[in-house]
Amino acid sequence: MSVHKITPSSPRIAALLSDVAKGNIKIPVFQREFVWTDEQIMSLLDSIYRGYPVGSLLLWATKEALKYEREVGGFKLPETPEDYPVNYVLDGQQRLTTLYGVFNADQETGNPDLAIRFAVAYLPKTEEFVHESVADPASSILLSKILDTTKLLPELARFGDAEKNAIAQLTERFKDYEFPVVTIRDRTNQEVCRVFQRINSSGTQLSTLELLAAWTWSDQFDLRNEISGILDRLAEKGFEDLGEDQVMRCLTAIVADEIKTEALVDLPAGDLVKAVSKLKQALNAMVDFLATEMKIKNVVFLPFPIMVVPLARFFADELKPSATQRKALRKWFWYCSFTQRYRAGTNKAVMEDLKSMKLLAAGGDPFATLSASVDPGLFTKTWRINSTAAKATICLLAQFDPKTFLTGAPIDLGTTLAAYNSREFHHIYPKAFLANDGIQFHESNVIANICMLTADDNKQISDKNPADYFDEIPPAHREDVLHRALVPMGYRDGTKLFSEFVNARASLMAEKAGELIST
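Note that this is a predicted model, so its numbers are computed, not measured.

**Quick notes on the overall build of the chain**
And then number 1: The number of helices and strands found in the chain is 22 helices and 14 strands.
And then number 2: At 31 Å, the chain has a C-alpha radius of gyration far larger than the 24 Å of a compact globule built from 519 residues.
And then number 3: Its C-alpha atoms put the chain at 100 × 55 × 40 Å along the principal axes.
And then number 4: Put simply, the chain has 519 residues, and 52% of those count as buried.
And then number 5: In the chain, the proportion of contacts linking residues at least 24 apart, taken out of those at least 6 apart, comes to 73%.

**Section: the packing of aromatic side chains**
And then number 1: A complete count under the given rule lists 22 aromatic pairs for this structure.
And then number 2: Seen from their ring centres, Tyr-177 and Phe-179 are 6.3 Å apart, and the 65° between their planes marks the pair as edge-to-face.
And then number 3: Judged by relative accessible area, which is 1%, Phe-179 ranks as buried.
And then number 4: Both rings, one in Phe-314 and one in Phe-315, keep their centres 5.1 Å apart while their planes meet at 85°; by these two values the pair is edge-to-face.

**Quick look at the pairing of strand β7 (residues 120-123)**
And then number 1: What you see with β7 is no split at all: Val-120 and Tyr-122 on one side and Ala-121 and Leu-123 on the other are buried throughout.
And then number 2: Linking β7 back to strand β8 (residues 128-131) in an antiparallel pair, the connection comprises 4 residues, with Glu-127 at a positive phi of about 55°.

**Digging into the pattern of salt bridges**
Two side chains with opposite charge may pair up if their charged atoms get near one another.
And then number 1: Counted by the stated rule, this structure contains 23 salt bridges.
And then number 2: Between Asp-317 and Arg-313 there is a salt bridge, with its nearest N and O atoms 3.0 Å apart. Residue Asp-317 and its partner Arg-313 are located together in helix α12 (residues 308-317), separated by 4 residues, close to a single helical turn.
And then number 3: The exposure class assigned to Asp-317 is partly exposed, which follows from its relative accessible area of 36%.
And then number 4: Between Arg-341 and Asp-353 there is a salt bridge, and its shortest N-O distance comes to 3.0 Å. Taken together, the residues Arg-341 in the loop between α13 (323-338) and α14 (348-361) and Asp-353 in helix α14 connect sequence positions 12 residues apart.
And then number 5: By relative accessible area, which is 4% here, Asp-353 ends up buried.
And then number 6: Beyond isolated ion pairs, a larger network of salt bridges with shared partners links Asp-257, Lys-278, Arg-313, Asp-317 and Lys-358.

**Examining unusual backbone geometry**
And then number 1: You will see that Gln-340, though not glycine, has its phi angle at about 55°, which is positive.
And then number 2: Examined against the element boundaries, Gln-340 turns out to sit in the loop between α13 and α14.
And then number 3: Since its relative accessible area comes to 6%, Gln-340 is described here as buried.
And then number 4: Even without being a glycine, Ser-462 presents a positive backbone phi close to 50°.
And then number 5: Along the polypeptide, Ser-462 turns up in the loop between α19 (455-461) and α20 (466-472).

**With respect to the sheet that holds strand β3 (residues 57-62)**
And then number 1: Strands sit in the order β1-β10-β3-β6-β2 across an open sheet of 5 strands; the sheet is mixed. Looking along the sheet, the strands with just one partner apiece sit at the ends: β1 (6-9) and β2 (25-26).
And then number 2: Of the pairings in the sheet, the one linking β3 to strand β10 (residues 181-184) comprises 4 bridges and is parallel in character. Each bridged residue has a counterpart across the sheet, and for Leu-59 the counterpart in β10 is Thr-183.
And then number 3: Strand contacts of helix α3 (residues 93-103): β2, β3 and β6 (86-91), with the helix running at about 115° to β6, the strand carrying the most contacts.

**Quick look at the nonpolar core**
And then number 1: One finds Leu-290, Phe-333, Phe-338, Phe-379 and Phe-405 to be the most contacted residues of the largest nonpolar core, which totals 112 residues.
And then number 2: Beyond its immediate sequence surroundings of up to four residues, Phe-405 is in contact with Cys-451, Leu-453, Asp-457, Ile-461, Tyr-469, Phe-470, Ile-473, Pro-474, His-477, Val-481, Leu-482 and Ala-485.
And then number 3: In terms of nonpolar packing, the next biggest core, distinct from the first, is built from 47 residues, Tyr-49, Val-54, Val-89 and Phe-159 among them.

**Some points on the confidence of the model for the chain**
And then number 1: Averaged over every residue, the pLDDT of the chain is 87; the share at 70 or more is 91%.
And then number 2: Here residues 200-205 is a poorly scored stretch, pLDDT under 50, and it has 10 contacts once near neighbours within four places are set aside; other chains count.

**What to know about the sheet that holds β7**
And then number 1: Read across the sheet, 3 strands follow the order β8-β7-β9 without closing on themselves; strand pairing throughout is antiparallel. Among the strands making up the open sheet, the edge pair consists of β8 and β9 (141-142).
And then number 2: Judged from the 4 bridges that link them, β7 and β8 form a sheet pairing that is antiparallel. Opposite Leu-123, over in β8, you have Glu-128 as the bridge partner.
And then number 3: Lying on the sheet, helix α2 (residues 38-49) is in contact with β7 and β8; it crosses β8 at an angle near 150°.

The rules behind the values
Residues numbered from 1 in each chain as written. Predicted model: local features only at pLDDT ≥ 70, side-chain atom pairs only at ≥ 80, totals over all residues. Heavy atoms only, no water. Helix = DSSP H or I, 4+ residues; strand = E, 2+ residues; numbered from the N terminus. Rg over C-alpha atoms; globule rule 2.2 N^0.38 Å. Buried < 20%, exposed > 50% of the residue type's maximum accessible area, 1.4 Å probe, protein only. Contact = heavy atoms within 4.5 Å. Phe/Tyr/Trp six-rings, centres within 6.5 Å; stacked < 30°, edge-to-face > 60°. Pairing = 2+ DSSP bridges. Salt bridge = Lys/Arg side-chain N within 4 Å of Asp/Glu carboxyl O. Axes fitted to C-alpha atoms, helices over the stretch in contact; angles between N-to-C directions. Core = buried A, V, L, I, M, F, W, Y, C linked by side-chain atoms within 4.5 Å. pLDDT = per-residue confidence, 0-100.

Spelled out as structure tokens, the structure:
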């Protein structure tokens, strides 16, 4: 990587603000609104006054004509020729906006409330910075006066020699302060995107979405609004937890057969607009498939959230899959879930599945040979509702249309699988009951000891001996209830040893999981 592509410099504050006013430095529309607190504003000013480091600005010098803000902190910038290349602010917008606002607080503004916060005065006797609203005008001077000699000189006349010296020192410190600036030059859009993704100012990760929004923005299309609208529609279907990152990965898979969102940055804007329309339809079809075919009402129960990416890739090409294609999708889903296919966290398996999904949509059968012998040990792992093994088990249990133990009424999966609430799940052999027999919590809290149950049933059963509460299940539906809960034959009276029950149920669950993969 050539050294000249990243250029450090240290312009003085006055020169930096002059470049903003001249249009040499612009704030692109993908940057967030001003969010700093009054404390942060004062801290920045005090740090500069004392010569402390305040971080650097990161600029991108490019010939790309990005949409940019016509105001900084509510202060309208003068009209300037559209000259390119332009330096766009990638990081440091809050600091730059603060400085511009404070030293231009006496100018006309479109945001009076923010202008009041930027109207900061200096108290020469105590060397403090305070808001104008609480300062004594006779013993303070506004910072908006100090960098412009024509404004400063009339102000000095009302101060004594000691105060004049303090103000002169203030002016000198701000005028001479060298603000670190790093400028990225001669980089491809993808390289800039990688840099952009890794910026982490004030704990806030900047996203590819914001950068793409600037490149593709028009009066008719705002990518941020489009993605926000998609997330809102997903929320209406119980999939609000899908999140921006996964939606962007789905978009990348659809338009670029990739998973890394930086692959989007070199696409023509028109292609991206078309792809977003395709994405909307694909996600709607995918959610309907998961809800109806797989009985999954909430994306949090997907064993691996990234499973939505290959699914979206398929539905982008085929909105109405045939019975054969739906069967193949189910087979793939269960295979991924119970073999923990994506457990390694690498993208290799996902990329392979993207290719397979394209082939499936085109009429091929890439999953025909998928088979797996599911390890019963998967179900003897510790029960943690957010673990991949637990989520796979929850999806498995949902396939058998479970019923409540005490009334035999169908469990509302829309409630149970939308709540992501531990009260909707129950230890068949209750923890407290097992503790009385000397069985520790880590032994009792295993996946094979869990079933779906309504919160009301859970409360009524509480810590009872399974031999007692199994007997409370009305005989007319007892076998059906326990069958749907995957309680093995021979273990439906609650009298067997816990260790025997867990091993038997884990084996039954593994058997049923294998059947889902093979059928």
